[in-house]
Every structure is written in C-alpha cells, then in structure tokens.
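Fold and geometry: a report
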Amino acid sequence: MAFNADPHADERPQARTLAVLVDNEPGVLARVVGMFSARGFNIESLTVAETDKAAHTSRITIVTRGQSHIIEQIKSQLERILSVRQVIDVTQDSAGVERELALVKVRSTGAERIEALRVSDIFRAKVIDTTLESFIFEITGTSSKIDAIIELMRPLGLVEVSRTGVLSIHRGPEADPTAETPAATAASN
Amino acid sequence: MSTKPNIRAVTSNEAAPFIAPQMTGAEMVVRALKDQGVDTLFGYPGGAVLPIYDALFQDNELRHILVRHEQGAGHAAEGYARSTGKVGVALVTSGPGATNAVTPLADALLDSIPIVVISGQVPTHLIGTDAFQECDTVGITRSCTKHNWLVKDVGELSAILHEAFEVARSGRPGPVLIDIPKNVQFATGPYYPPEHAPRKSKRTMRRVDASKIIEAIELMASAERPVFYTGGGVINAGPNASQALRALVRETNFPITSTLLGLGAFPASEPQWLGMVGMHGSWESNHAMHDCDVMICVGARFDDRVTGLISAFSPNSKKIHIDIDPSSINKVVQTDVAIVADAGEALEALLEAWRKHRPAARPVTSQDSKNAALAAWWQQIDTWRARKGFAYRPSDDVIKPQYAIERLYQLTKDQDVYITTEVGQHQMWAAQFFHFNEPHRWMTSGGLGTMGYGLPAAMGVQAAHPDALVIDIAGEASVQMTMQEMSAAVQHNLPIKIFILNNEWMGMVRQWQQLLHGERYSHSYSAALPDFVKMAEAFGCTGIRCESPAELDEKIKLMIDTPGPVIFDCRVAKEENCFPMIPSGKPHNEMILLDNFVGDEIDAAGKTLV
C-alpha cells in the first residue's frame, strides 16, 4: 500500500495569538467560541471587549495552539463567520506586541514574605493590596513572564492567580496595516 | 426607527431620496419575499407566526404549501433550491416549530444549499422568561446556519430580510434563519426594497488568480494520468460552470468522476465519465483517483466518504483544488495548487488558458509522450471498466434493487425527470444505476445523510416544476420518517412518485452489521411495516405494489401514467449488499466487490470509523 508522507509529522504545535475584529452584536462571542468547540480547536486564553464604540467593533484576542496548518484552518474558519471583520495573526506579525495582566495573591510571613516582595520588585510588579500576612501583586508582561513569576511565587505562599489573557496591538503610529478602519469599511460599500 | 451604526442607508439617487413606505413587520416579510423573487414557500403556522400568516392570507401572489411537520418544510425548501438554483424558503413558528427545522438547516449547511428559514419568536418582552413555545432559536441554530438573526427592531427587519437572501445565495451557499418576535411582526416601520435597503459592508469576492491558473494548466499539461474530481460546487455555480466543465473535459480528453452531490454536472452518457467516486463509487473511478498523477478537484471538499483512508489517498498525485470557500483548502488533503474562486469562473479561466497554452505545452502529435501516456491511461481505465464493479446477480424470481433502478431509469430517461432520494443503500444504488446528463436533476442528502429527506424534497422539486416527473427513490425505513408529507402532496396537487425499494431492513445498517459486527443484526429489521398501498389510499392517492421482476416494467409505466401522487411498494431482494465498497480504513484500491467479498475485510481500526 502506498502512503502519503505526513507533511506535518515533524512539526510541534505552537501557541499562536489571533486578534479577531468582530461586529459587536449579540451572540458574536458565541459564534467565535462555538466554532472552536464545534471543530475541536483549542483556546488557551481569550479576551474580549468593545474597542470602537462608533464602529460597533469588538476585539477578541485568542491564544490557541496547533501546527501551522491547523492555525491556517482556524483562521479560515474564523473568516467564514459573517460577524468577523478581520483576523490578525499577531504571532506571525514581527511588529505585534502582546501583553497580559495578572493579579497574584501570596500569603506568607518572615523570610518568605520578604523574598516574595523582592521577586515582585525584580519583575516590576505593583503591590495593590497588603495585610500583615499577604500581598496582592499586579504584574503586566508577556505570558511567559507571568508564568515565570507565578512559578517563583509558588514556594513563597502562592494562594490564587487571576489572569486577563493576552491582549495585542501592532507597533508604530498606524492602526494594524491590514486592519480595515471603520472609514474604509464604509467607503467600500 | 434605529439602525445599527455600521448599517447605512443607500439611496440610488442622491437628489431624490427614497421614502420608505410604512408597513407592519409581517407585511414586510411578505413584501421582501416577493421582492427577492420568491414564488413559493413551505410552512406551518403557529402562535408566534400568526401575524405573518395573516399577511399571507391577504396576499394572492405567494404560493404557500402547508406541510405536516416543519422538517418537511425545510427539506421541501431544499428540494426547491437544489432543482432551481434559487433560494428556498420555509416559514415556521417558535419553539417546536423552530427546533423541528434544525435538521434541514444542518442538512443544507453540509450540502451548501441556499435556504431562508423564517421563524416566529415570542414577543421581545417575554424572551428569556421560558414563555410558552419559547426556545433560544438563534442559539440552537447558530452552528447549523451560515448566519442567523434575531430581529428586535422592526426598523431593521427589511434590511435583514434582504441580507439573509444575499448571504444564503452568495459565496458558498447555505442556510440562514431569521427569528422574528411576534411584537416585531405587529410593529410598523419603514420598508426598504432591496435596492434601497441599508446594507452591511460586503466582502469583496476574490477574483480568479491568473498565476494560479497558469500553474494549474502547467500541471495539467504535464499530466500522464490525470483525473477530474468534481462536486456540488460545480452545480451550485450554475449552468455556465457545467458548460465550462464539459468543454474543458472534452478538450483535455481527461477522465472525470464526481462526488454524490456533483452528479449531472458532466453527462453520464459521455465516454469520459467514470461514474461516482467514493465508498460506493465505481471500480474505475476509485482506481483512477488512487493511481492518478494529477487530480483536478473542482467544487468538492475531500469528504471522508470520498477519500477513504486519508494517509493512502491518491498517494502519487499533485492536487489542484478549486473551491469558493478558503477553509476547504488544505482542510483534509494538502493541495499543490489552490484556487479560491467560484467554480464557474475558475473553469472558464482554465478553459481559456488551456486553449491558449495547450499547443505549446502539449502538441497534438502522435509522437508526443504525454499523449501516448494519456492513451495508456485510458487503456488502464478500460481494463478497470471491464471489471464491471457494479455487477449484481440478476434474478427471475425476486426483484433485485439494482434492476429496479435500472428499469426505472430506462423507462423515465426520455422524460423531464427529477430524482430525489432518502439515505441508505437505495440512495447509493440510485447514484450508481440512475444516470444524469444535466445538473439540478438529482437531489440527495449527501453530507448530513438525512433519512426522510427525499419525500419532502420531492414536494419542493414538484412545486418548482409542476409538469415534470418527480420521483423519490426511497427505502421503506427512511420514507416512514417523513411519510406524513404525502398528505401535503395530496392537498397541494403535487404528483410526486415515491418509489420504495422495500427490503424490510434498514439495508445499509444491515450491511454494516453483516460486515463489521459479526452478523449481529441489532434492531435493523422492521418486523412490522405498514401496507404501503393501503397507506397511499388512506392519504387519498394511489398505491402500487410490485413483487416480481416480470411485472416491474408494466407497473413502473402505470406509476408514471397515474395522475397525482403515487406510493410504489417495490418488494426487492431482502439481503442484497451495495458494492463496490471501500471498507472503513482502507484506501481506494482495496474495494470489496460482489465476487471478492468474504467478510473479514474490515480490521479493528476500521470498525471504529463511521
């Protein structure tokens, strides 16, 4: 029996950040999330909020994981959704900036408490709440930076973590070069 | 009235702004249907949709066909759409009316059939209160429509109605649903006809990429063992696509096969036609797909029923894939040349390029090695043809189902005939033994495989083609799923012919149990069946029973000549299997045939596949 060589056999799944610009209308998040679950794709984090009230646009930033052909399929499937105006592959974009914010609660006393504060200083975290036996740190950075501080805090009395998921934007003075501005959308009518 | 900020009014003449007439939401529905060219709709009234039915009552242009179950309305709309190339329309009430329409929506989504379903909804102030006959219709139908809308403001209704038709028929066609609360149906607002309706910004259609066409032509010119593999996308692209396909296939002298849904785009009567591809496709088409060196896929999507074992699918070929939906490209099979375009436009571009480049790329001389290779390829195909993969053992005593369809074809082929099917063995035999020379003549549930599709679909076809001969080739199990629609066919003078291949078994289930489950026939035999002749009489139409091959021709002629709907109970061999068959988990060149079938072809891995 002759077989096709699997062209993806050697490729490891990688995390990819996709920014999805959508019409802000009821059910739009369900359409996007439903596509992922219906087709068995993975969502590692997701953030969503209205970003342009006048144009009724929301930006959904999704971190997913897969081989490149899976990511291409995810992008194509997203673009099929009528409410999706644009899909931006942030990871592929060398000028893409990604940030995440986390709130980290640590409970400890004595030397551990001092060490936690020292670590937070190294990571430029802010203390936003304290008691005699706890801190809440606010930290902003790439997801890997947040992963790192969480791992360091774990032996120092880590209690709870809350993360926003990834946000992204394009560097430089312009809007994302491939993004349709609301004005351009109207003009193409 | 309020409109969404991303919707803007378009006026054709800035000097004389259009003044939209005021009317109720229900009146807008009727008006929009007519403005969209609808002449027939299929539906079932209920509390939440009564204002629209009231508006229909006062209209005398639209033809409403009252079904007996909302699933029937959806499938009838599909049959109407598939046989005309137009958008089919169904009208249902809230709650159970909408949930009953889910199966046809899912069916139309998988087969890319343009239908618009309009559902009533409880009044907006009751939404979310678990009101009587309330369900989350847009939530339930989100994943089985191309798009859906809940209209909460009558000011947006006309624009959404027009957009719904546009979405259903544009790009890769598909089903849409508009959910209209009852108070929005009663409310008054401005009606914008299509040319004046506020429109959302439309995505620009991709043009055919000329450089990809050249790449494709170069591959085709270099081919020694080419094959065209075409699908429902060619049918959906309209008559020009079929015409371009025919010209291209004839001029290249390449062999052609198609999916179940693509039958009729290329005439089955022409010598280059190999028959259908796939699990129950022809011996020659499956071998050609496996052994080809260049595959030209047009408007098909490498469905698992076509490819068999993916890792061994056509292992030595370069693949050209033409599809209007970018997500179809590389979804299942990696493509060498991808052309995202309407099948018709791409085929026309290919044809033009072939005519222009062929003399250089492939001179027509007897010494030319490519032509010699193609001739050898045809010789190989002829040896596969000689294997006669569709062969069955004829019988004088009992009607073989294949024989029944062969006779049905012979006795109807010169007429204006449309065929629908249910799902199962009879469907595959119909695809194998009924031959189509024109598109839009063959309506079958391919992707979703919906038993019960054929009878209501036949009603939809007949409503669109009142003088044609419309036959549902059915199985006795499938047809009982929507049999109640015979009552609608009688009421609306739709003279559909239900040709039941009655073997008392869920035949395909029985075949799989025989092949995959150690002949343990778990719940696949109908120990009690209705008397279909009496059933026909009870519905007020004609029943015909045929039990022997000797009387088959005469009874089929009687069916054709009988005015009005007919249920034809064709008693066939009970345990016939459908061959060839690519067993689950096997490649194209390991088909089971009638004469090599032993029963242990499917291994443990294959048994876990569907």
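From a predicted model like this one, the values you see are computed outputs, not experimental measurements. (Residues numbered from 1 in each chain as written. Chains lettered and ligands numbered in written order. Predicted model: local features only at pLDDT ≥ 70, side-chain atom pairs only at ≥ 80, totals over all residues.)

1. Concerning the overall build of chain A
From N to C terminus, chain A includes five helices and eight strands. Taken from N to C terminus, the helices and strands of chain A fall in the order β-α-β-β-α-β-β-α-β-β-α-β-α. The C-alpha atoms of chain A give a radius of gyration of 20 Å, which is well past the 16 Å a tight globule of 189 residues would have. The principal-axis extents of the C-alpha atoms in chain A amount to approximately 65 × 60 × 30 Å. (Helix = DSSP H or I, 4+ residues; strand = E, 2+ residues; numbered from the N terminus. Rg over C-alpha atoms; globule rule 2.2 N^0.38 Å.)

2. As for the overall build of chain B
Counting its regular elements, chain B contains 24 helices and 20 strands. Here the C-alpha radius of gyration of chain B, 25 Å, is about what a compact globule of 610 residues would show, namely 25 Å. Buried positions account for 55% of the 610 residues belonging to chain B. Within chain B, contacts between residues separated by at least 24 positions form 77% of all contacts whose residues are at least 6 apart in sequence. (Buried ≥ 20, exposed ≤ 12 C-beta atoms within 10 Å, placed from the backbone. Contact = placed C-beta atoms within 7 Å.)

3. Description of unusual backbone geometry
Residues and elements named next belong to chain B. Cis geometry is adopted by the peptide bond preceding Pro580, which originates at Phe579 and carries an omega value of -5°. Note that Pro580 resides in the loop between strand S20 (566-571) and helix H24 (604-607). For Ser112, which is not glycine, the phi dihedral falls at a positive 55°. Along the polypeptide, Ser112 turns up in the loop between helix H5 (102-111) and strand S5 (115-121). Ser112 gets classed as buried once you count the C-beta atoms within 10 Å, which come to 24. A positive phi angle, near 60°, is found at Asn330, a position not held by glycine. With respect to the secondary-structure elements, Asn330 resides in the loop between strand S13 (318-323) and strand S14 (337-340). In this structure Asn330 comes out as partly exposed when scored by C-beta crowding, with 18 C-beta atoms within 10 Å.

4. Concerning the sheet that holds strand S4 (residues 88-92) of chain B
Residue and element names in this part refer to chain B. The six strands lie next to each other as S3-S2-S4-S5-S7-S6, forming an open sheet whose pairing is parallel. Both edges of this open sheet fall to strand S3 (63-66) and strand S6 (147-150), since each of them pairs with a single strand only. Sheet twist, expressed as the mean angle between neighbouring strand axes with direction ignored, is 20°. Examined bridge by bridge, strand S2 (residues 40-43) and S4 share two bridges and lie parallel to one another. Residue pairing across strands places Phe42 opposite Ala90, the latter belonging to S4. Helix-sheet contacts for helix H7 (residues 154-169) involve S5, S6 and strand S7 (175-181), and the interaxial angle to S7 is about 165°. Along the sheet, helix H18 (residues 454-464) makes contact with S2, S3 and S4, crossing S2 at roughly 155°. (Pairing = 2+ DSSP bridges. Axes fitted to C-alpha atoms, helices over the stretch in contact; angles between N-to-C directions.)

5. Side note on the domain arrangement of chain A
Where interface size is given, it is often the accessible area lost as the parts come together that is meant. Residue and element names in this part refer to chain A. Domain annotation of chain A identifies domain 1 (14-93) and domain 2 (97-167). Put simply, the parts of the chain that give the side of domain 1 that touches domain 2 at least two residues each are strand S2 (45-52) and strand S3 (57-66). By residue number, the principal contributor to the side of domain 1 that touches domain 2 is S2, which donates three residues. Considered class by class, the residues forming the side of domain 1 that touches domain 2 number three nonpolar, four polar and no charged. (Domains from an automatic or database assignment. Nonpolar A, V, L, I, M, F, W, Y, C, P; charged D, E, K, R; others polar.)

6. Structural notes on the packing of helix H16 (residues 401-412) of chain B against helix H23 (residues 552-561) of chain B
Two packed helices can be described by the angle between their axes and the distance between those axes. Residue and element names in this part refer to chain B. With their axes 10 Å apart at the nearest point, H16 and H23 run at an angle of 50° to one another. As the angle between them shows, H16 and H23 are arranged oblique. In this structure, the crossing between H16 and H23 has a hand that is right-handed. Across the interface between the two elements, Ala404, Arg407, Leu408, Leu411 and Thr412 of H16 pack against Leu552, Asp553, Ile556, Lys557 and Ile560 of H23. A class-by-class count of the residues in the contact of H16 with H23 yields six nonpolar, one polar and three charged. (Parallel < 35°, antiparallel > 145°, perpendicular 65-115°, else oblique. Left-handed = near helix turned anticlockwise from the far one by under 90°.)

7. Some words on the pairing of S14 of chain B
All names here are of chain B. Side chains of S14 alternate between two faces, with Val337 and Ile339 and Ala338 and Val340 buried alike. Alignment of S13 against S14, held across four bridges, turns out to be parallel. Paired with Ile320 across the bridge in S14 is Val337.

8. Looking at helix H12 (residues 283-291) of chain B
Since one α-helical turn is 3.6 residues long, residues separated by three or four positions face the same way. Residues and elements named next belong to chain B. Taken across its nine residues, H12 has nine buried, putting it largely inside the fold. Within H12, the full set of buried residues consists of Trp283, Glu284, Ser285, Asn286, His287, Ala288, Met289, His290 and Asp291. Tucked into the core, H12 has its buried residues touching strand S9 (226-230), strand S10 (256-258), strand S11 (273-276), strand S12 (294-298) and helix H15 (369-386).

9. Description of the environment of Ser134 of chain A
Within the secondary structure, Ser134 of chain A is located in strand S7 (residues 134-141). Distance in space between the C-alpha atoms of Ser134 of chain A and Glu44 of chain A is 29 Å, their sequence separation being 90 residues.

10. Observations concerning the packing of H12 of chain B against H15 of chain B
All names here are of chain B. One way to put it is that H12 packs onto H15 with a least axis distance of 8 Å and a crossing angle of 140°. Between H12 and H15 the crossing geometry is right-handed. Residues Trp283, Glu284, His287 and Ala288 of H12 touch H15, and the partners they reach there are Ile381, Trp384 and Arg385. Each residue belonging to the contact of H12 with H15 can be placed in one class, and the counts come to four nonpolar, one polar and two charged.

11. Description of the environment of Gly37 of chain B
Counting through the fold element by element, Gly37 of chain B comes out in the loop between helix H1 (25-35) and S2. In sequence terms Gly37 of chain B and Lys86 of chain B are 49 residues apart; their C-alpha atoms lie 8.8 Å from each other.

12. Some points on the sheet that holds S14 of chain B
All names here are of chain B. If you trace the six strands from one edge of the open sheet to the other, you get S11-S10-S9-S12-S13-S14, paired in parallel fashion. The two strands at the open ends of the sheet, each matched to only one other strand, are S11 and S14. Averaged over all pairs of adjacent strands, the angle between strand axes in this sheet comes to 15°, irrespective of strand direction. Along the sheet, helix H9 (residues 210-222) makes contact with S9, S12, S13 and S14, crossing S14 at roughly 135°.

13. Examining the nonpolar core
Counting 207 residues, the largest nonpolar core has Ala90 and Ile115 of chain B as the members making the most contacts within it. Sort the elements by how many residues they give to this core and H7 of chain B lands first, with nine residues. Other than its neighbours up to four places away in sequence, Ile115 of chain B contacts Gly74, Ala77, Glu78, Ala81, Val87, Gly88, Val89, Ala90, Ala108, Ala168 and Pro175 of chain B. Within the second largest apolar cluster, 12 residues are counted, among which are Ala102, Val104, Phe135 and Ile139 of chain A. (Core = buried A, V, L, I, M, F, W, Y, C linked by C-beta atoms within 7 Å.)

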